Structure formats: structure tokens, C-alpha cells
Amino acid sequence: MKRIFLTLAVAASVLVGCQENSKDEALDPQQSIDMSDFYVETEEVSHKGGSEQCHSMRVLNRQVKENPGLYKKMYNIEYATRKLTTAKGKPGGGDTGGGDVDVLPIEDGLGTINIPVYVHVVLPNANSVSDSQIQAQMNVLNDDFSNPNTNQLPSGASDFINDATDTGIQFTLAGTFRHNDSKSSWGTNDAVKAAYPPITPSTHLNIWVCEIGGGILGYAQFPGGNSSTDGVVLLAGSLPGGSSAPYNMGRTATHEVGHYLNLRHIWGDGRCRQDDFVADTPSSDASNYGCPTFPDVSCKSADMTMNYMDYTNDACMYMFTDGQRNRMRALFASGGARASMLN
């Protein structure tokens, strides 16, 4: 595992490891933040099989290399997030204690958050993705962010029932733009966004549907990045009814929008001591694939393989946690990185 450490005006003495905090301890927002957690560049941790499907962390690493100022912006976002999510003694970060921790949903006074969405279809035949597919993708997003399917929880995973949550976040299709473009593969360097720039990204989530290449299903930009590249890129075949089975039920969008709203992969993109900054997601040592039989144990606890931020098959992921809910919603608080979407 190789990490990127960036030298900035933020003194190195400030960046003391938050990884040493147990999951059952509320993280003091005044406590220093180990930003080395943010930038984990590695050969994919995938000893459980499968391949790297989401390039969001690699895109983040690249963006930080290109723009060192992003480091400080993300530090500020993380500081504000922890300040809100540890309010009133509710734990908000640190998952290195191993097992399940119960986190309460924070009443933030924001009500249901609605995010307007622009979809850009960029394909040789842009009409090959139908309006009904796009609407089906919107329906999947709205269902996944509001209705955890705890009926699917396997026997023995009852501890996860209290973690599953309605995030209170919904999505409305604001417009679809179709671009017939002969380019066969766009990669993950934001080229599709440069060719077809996002529209009002401060108030709208922009989603590009295209061919990516390399077996990649999608990637997203975390909050704090450049507005000219803000949004989510999806492989066309990942939309509901698409060609990328078993990843064609729309859950790639759910996963990538999770990144867009500041969630990390469930395994923290590292081994057991790497943090996804959420207290009620058990530690894991790698991504999971397929439909694992419960319990799939790593780091001395059962993995939450059904979480949308893992790599399991679309049919086998069906929940966010209260801790993830609190973390996403913190972005919309006054002064938050995505608060302008509420205006």
C-alpha cells in the first residue's frame, strides 16, 4: 500500500492519525485529521476476486497531484463534516474498531433534500439510451436513497437492521442532453466533461453516460473539486436494462453519487486500519464481489457487503447506513460544500 503525502501550509503536526480512534468513540471535531487517509494510491486491494470497477479514488489522487490546493479544501470539508456529525455525542467517523456501532440519524432541520439532475448522453448513437432507461435510473436513485431493503438481510445480519436508513435525499431529472459522438472510449481523465461541460454544477448534479473503457463502471468527483469537472460519469451499460450484467440495475449510479456526496468505499481503500470515516460500517480489508455468503469476515467482523459503497453485484447491494446518511447530509448544511443546491 503506497500513500501520497502532500506538503502544504497545513503543519504536519496537525495531521495526527484519526485512524487510532475506536468506532465506539465519538470523534471530537477539534481533533486533528489525518489527511493521508484521503489519498490512497495503490494497486487495487482485491484479493477477494474481481477487478477495480470504480475509479473515483484514483481520479481524486490525480486531481490532488494536479491541484495541491484541493488538499486544504478537502481538509476544511472534512473538518466541517465531523463537526456536524459528532454533534450531541453522536459518533461520526473512525471505523477501525472492527465491529458494528449504532449511529443515530442527526436531525439537521433540512427536511428532504432534492437534487436536480442533468444527464448528458455521449455515445455514437445517443438515442441508444432511451428516455425510459434514464427515468428508470432516476427511480433507482430515489429508491436506493430512501428505501433500504432490510428484508434481504441474511440470517445473522440482524445487527445491520438498525444501521440501514432513509437518507432523506431525492433526485429530480432536470434535463437530458444527447450528443452523438463517435469516440469509442473516454477513459477516466474527465475528457468527456471537457468535451461536454457540466451545466450549473453548483446547483445541479451532472451525470455523463458514455463508454469509459478498461472495465470501469463509473467514477465521480468528491466535493471540493473544480466545478468544471464536477459530477458523475457512468458506463452506459450500467443503467437499468443495460448490457453490463450483473451491474445493470442502476446501482453504479447509486455508488458513484455516494462518492459525489462524500462517501468512501466501504473498505476505506486499504486494509483493516484504513478509514472510510463512518462509524457504523464495519472495517474491511478489501472490496467484495458477487453475492457473498454471510458472514464474510475480515478485520474480526462481518463485512457489510450489501452496502452500496462496496463492489458486490447490483442485486446484492441494498443499504446505506445512518452514519453515511449523516455524512452526506452534512454537505448541505449552511456553508457546506453542496449547500448551494438547496437554493
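Residues numbered from 1 in each chain as written. Predicted model: local features only at pLDDT ≥ 70, side-chain atom pairs only at ≥ 80, totals over all residues. Heavy atoms only, no water.

1. Concerning helix α3 (residues 131-144)
Counted only if it meets this: Numbering of helices and strands runs from the N terminus, with a helix taken as a DSSP run of H or I at least four residues long and a strand as a DSSP run of E at least two residues long. Expected helix span is taken as 1.5 Å per residue step, with the number of steps being one fewer than the number of residues. Residue burial is assigned from relative accessible area. The probe radius is 1.4 Å, only protein chains are included, and a residue is buried under 20% of its type maximum, exposed over 50%, and partly exposed in between. Between two residues, a contact is recorded if the distance between any of their heavy atoms is within 4.5 Å.
Here α3 spans 20 Å end to end across 14 residues, near enough to the 20 Å set by a 1.5 Å rise per residue. By the burial criterion, the buried members of α3 are Q133, I134, Q137, M138, V140, L141, N142 and D144. On its buried face, α3 is in contact with β3 (113-123), β4 (169-180), β7 (232-235) and α5 (251-260).

2. Observations regarding the pairing of β4
Condition: Two strands qualify as a pair provided DSSP detects at least 2 bridges between them. Crossovers are marked right-handed if the path from the first strand over the helix to the second runs clockwise, as seen with the strands pointing away from the viewer.
Relative to β4, β3 runs parallel, the two sharing 11 bridges. Note that in β4 the partner of V121 across the bridge is R178. Crossover β3 to β4 through α3 is right-handed.

3. A word on the side chain of Q53
Convention followed: Polar contact is the term for a pair of N or O atoms within 3.5 Å; when the atoms are in protein, one must be able to donate a hydrogen and the other to accept it, and sequence-neighboring residues count only if both atoms are side-chain atoms.
For Q53, the location among the structural elements is in the loop between β2 (40-41) and α1 (56-66). On the basis of relative accessible area, Q53 is assigned to the buried category, the value being 8%. Within the structure, Q53 has its side chain in polar contact with the side chain of Y247 (distance 2.9 Å). Apart from residues lying up to four places away in sequence, Q53 is in contact with G215, I216, L217, G218, Y247, Y289 and Y311.

4. What about the nonpolar core?
Rules: Nonpolar cores were defined as sets of buried Ala, Val, Leu, Ile, Met, Phe, Trp, Tyr and Cys residues, with membership established by side-chain atoms within 4.5 Å.
Ranked by internal contacts, the top residues of the largest apolar core, which has 65 residues, are I115, F145, F171, V192, L205 and L261. Of the residues forming this core, the biggest block, seven residues, is contributed by β3. If sequence neighbours within four positions are ignored, V192 has contacts with V122, W186, W208, C210, Y219 and V233. Counting residues in each nonpolar core, the second largest holds six residues, with V64, L70, M74 and F222 among its members.

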